[in-house]
Each structure stands twice: as C-alpha cells, then as structure tokens.
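The lines below spell out each chain.
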Amino acid sequence: MEYSSEANKRIARLTAHLYPRNLQMEESSGLKQAMCRAKGGAPGFKVAILGAAGGIGQPLAMLMKMNPLVSVLHLYDVVNAPGVTADISHMDTGAVVRGFLGQPQLESALTGMDLVIIPAGVPRKPGMTRDDLFNINAGIVRTLCEGIAKCCPNAIVNLISNPVNSTVPIAAEVFKKAATYDPKRLLGVTMLDVVRANTFVAEVLGLDPREVDVPVVGGHAGVTILPLLSQVKPPCSFTPQETEYLTNRIQNGGTEVVEAKAGTGSATLSMAYAAVKFADACLRGLRGDAGVVECAFVASQVTELPFFASKVRLGRIGAEEVFQLGPLNEYERTGLEKAKKELAGSIQKGVSFIKK
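Residues numbered from 1 in each chain as written. Predicted model: local features only at pLDDT ≥ 70, side-chain atom pairs only at ≥ 80, totals over all residues. Heavy atoms only, no water.

J.: Can you help me understand the side chain of threonine 243 in this one?
T.: Turning to its location among the elements, threonine 243 is positioned in helix α9 (residues 240-251). When its relative accessible area of 14% is taken as the criterion, threonine 243 is described as buried. Among residues more than four places away in sequence, those in contact with threonine 243 are Leu229, Phe238 and Tyr331. (Helix = DSSP H or I, 4+ residues; strand = E, 2+ residues; numbered from the N terminus. Buried < 20%, exposed > 50% of the residue type's maximum accessible area, 1.4 Å probe, protein only. Contact = heavy atoms within 4.5 Å.)

Okay, here's the thing in structure tokens:
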C-alpha cells in the first residue's frame, strides 16, 4: 500500500509538471505547482512561447529548450500544446517545460515571464500576401498582448506573427490602452531577413555565412525589407547586377519558400532558427552582456515613421539604443523611399485596427 501511494505521488508529480493547471490532479495528490520544478533546474530566464504547437512554434520550442540561458519554458497554444510539451520535456537539458492549452490557461502561461515569443497565427499560403493574413492574425495578437499587459507587463516581447509591419503597432496600441507600454520592450522579429541576407551574400562572395553581417532595415515584407549591401561586413563591393539580384532575393525569400513548399507551408524552420538567434541575443542583453546588437522592428525616430527596423543595442530593458542608418548609397536611398511609403500604410493599418 505504501509503495502504491508513493507511485501515485510520483505519477501526480509528473502529471502536474506537464499540465500544471490540472486542478483535479492537484487536489487528489495535494500537489502544488511550485513543487513541480525539476530537481537541479538551471538558473536562467523564464520564457513563454505563444503558438508553440504551430509550424514555427514546435522547432522554436525545441531550440529554446536547448538554450542554456532558459530555466523555465512555457508552451502555450489553443491546440496540441500537451503533446508538444510532453515531447519536448523529454529532452535532457536544463529548462523545465510546462504546457498550457487554450484561452483559460493563457494567464498562467504568462505569469512571471521574462521573455515572451509570439509566433502564433496562420501561416502564408501560395498567392497570399502578408496583408491577407492581417484580419486573422491581428485579432490573435491583440488577445495575446492583452494577456501580457495583465500578467507580465515588464517582459520583453518578441513578435513574429505576420504581418509584423502591422502587428507590432497593434501590440503597442494594446499596451498603451493598458498603460503598460514600454517601447524598449516590444521588438518585431526581422532576424530572418538578416539570416537570409547573410546566407545569400555569402553565396555570392564565396564565404562562410557565419563570417558575414548584412544590416537589413525598414520592415518585414517585400519592398519594406531593405538590405544595406554597402555596409556589409567584411567590406566588399557588388556590381549593379549583384545588388539587384541580392536585394530582390532577400525581399522575396519568404515567397521563395512558400512556392517551393507548394501549398504545404511557409518558412517555418529557418524562421524558428532566426527567432531563436534573436531570442538568445535578448537573453544575453537581459543578462547584462555588453555589445549585443541586432536588427529589429521597433519604435523609432530614425525616420519620420513611428516604427522602423534598424540595428538596436539589446540590454536589461530591451532595445536600449536604436542606431541610425549610417551612410546609404543612391540605390539604398531610392529603396528607402519605397520602403517608407509602403511601411506607412502597414503601420497605420495596425493602429487603426485597435482604434476603430
């Protein structure tokens, strides 16, 4: 009998660890969520992924479980969160994983988080523009950001849900309404544009992509994506044909993947990789590391637009410094004007969605 009781407690502990809001189990075992930490849990930051069961969310969750800076990883989605949580929780890395399913558990998923990553929403399908996604994803982002404002207003927010050019302004308006808005803590993730730029430029130059750094500014859709090829490191020069080819390929990288997948999805794996690269930079900034600089879509005074992607220095409170664009060549200046025109409409669309 004693053995059976001990076994039941162990089963209850595991169940509560995977499904922390399972109140029946908690009541029957007398077990509280606080007791469900893994022994020897790693010191580090608490991270939530909202949309963890999706095409980006699953590989993103796996890669974040591998990050040594993460001590607690909360996986939230409206479907399939328990299965993804059970799967990822078996990985023998330090982060403790907990799953949260559906709107009633959103607040539990968010409470106490240091970093919230949002890949939630529907993906692009062939023939879809990022604006076609707007009506569905705008509502999802609004709901999730209302939860953040209530439960972890001081968290750094990494917003991936497309169209980023509109969803970041939506998030900002939600936070303003809740009187919790801190522009330094809201970051639109444009890292995939940088990752693609580094890869495509490295191919042209015959270099290892890890040795290449291409600043990509503007926004995160089509002509709003502006790679500054004149500022590539290591310093190099491109012919007009190479500049045109590289700029077009970087701007249309998402479409390239959507078409190659032929109706089965969009850029999920490279997006998850880029999101983790950016999240890791945010965590290193939170830790107090010096000189952490990445591109992101943030509240900005770099141009006359209220939001713009450029290099930012990441620190303990998010984007602590937003850098100017630096010297642009004539091709980039022309591209900048095109980007700003398109971006202005996308930003306004996001603001209007909340203010309507």
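J.: How should I be thinking about the packing of helix α8 (residues 191-205) against α9 in this particular structure?
T.: Helix-helix packing: each pair is described by the crossing angle between the helix axes and the interaxial distance. Contact geometry of α8 with α9 gives a least axis separation of 9 Å together with a crossing angle of 145°. Helix-helix and strand crossings are classified by hand; for α8 and α9 the assignment is right-handed. In this structure, α8 uses Asp193, Ala197, Phe200, Val201, Glu203 and Val204 to contact α9, whose residues at the interface are Glu242, Tyr245, Leu246, Arg249 and Ile250. Of the residues contributing to the contact of α8 with α9, the split by class is seven nonpolar, no polar and four charged. (Axes fitted to C-alpha atoms, helices over the stretch in contact; angles between N-to-C directions. Left-handed = near helix turned anticlockwise from the far one by under 90°. Nonpolar A, V, L, I, M, F, W, Y, C, P; charged D, E, K, R; others polar.)

J.: Would you mind showing me how to read the pairing of strand β11 (residues 318-322) here?
T.: Across a regular strand the side chains alternate sides, sitting on one face of the sheet and then on the other. For strand β10 (residues 307-315) and β11, the ladder comprises four bridges, and the chain directions are antiparallel. Opposite valine 312, over in β11, you have valine 322 as the bridge partner. What sits between β10 and β11 in their antiparallel hairpin is a turn of two residues. (Pairing = 2+ DSSP bridges.)

J.: Looking at this model, I keep getting lost on the packing of helix α6 (residues 134-151) against helix α7 (residues 164-177). Mind explaining?
T.: Interhelical geometry of α6 versus α7 gives an angle of 35° and a closest axis separation of 9 Å. Between α6 and α7 lies a crossing whose hand is right-handed. Contacts between α6 and α7 involve Phe134, Ala138, Val141, Arg142, Cys145, Glu146, Ile148 and Ala149 from the first element and Ser166, Thr167, Ile170, Ala171, Val174 and Phe175 from the second.

J.: Would you take a moment to explain the packing of aromatic side chains for this structure?
T.: Tallying each qualifying case throughout the model produces two aromatic pairs. Relative to phenylalanine 353, the ring of phenylalanine 134 lies with its centre 5.6 Å away and its plane at 85°, an arrangement referred to as edge-to-face. Taken together, the residues span a long stretch of sequence, with phenylalanine 134 in helix α6 and phenylalanine 353 in helix α12 (residues 330-355) at a distance of 219 residues. Judged on exposure class, the residue phenylalanine 134 and its partner phenylalanine 353 are both buried. Stacked on the ring of phenylalanine 200, the Lys or Arg arginine 249 has its end atom at 3.8 Å from the ring centre. Positioned over the ring face of phenylalanine 134 is lysine 349, at 4.7 Å from the centre of the ring. (Phe/Tyr/Trp six-rings, centres within 6.5 Å; stacked < 30°, edge-to-face > 60°. Lys NZ or Arg CZ within 6 Å of the ring centre and 35° of its normal.)

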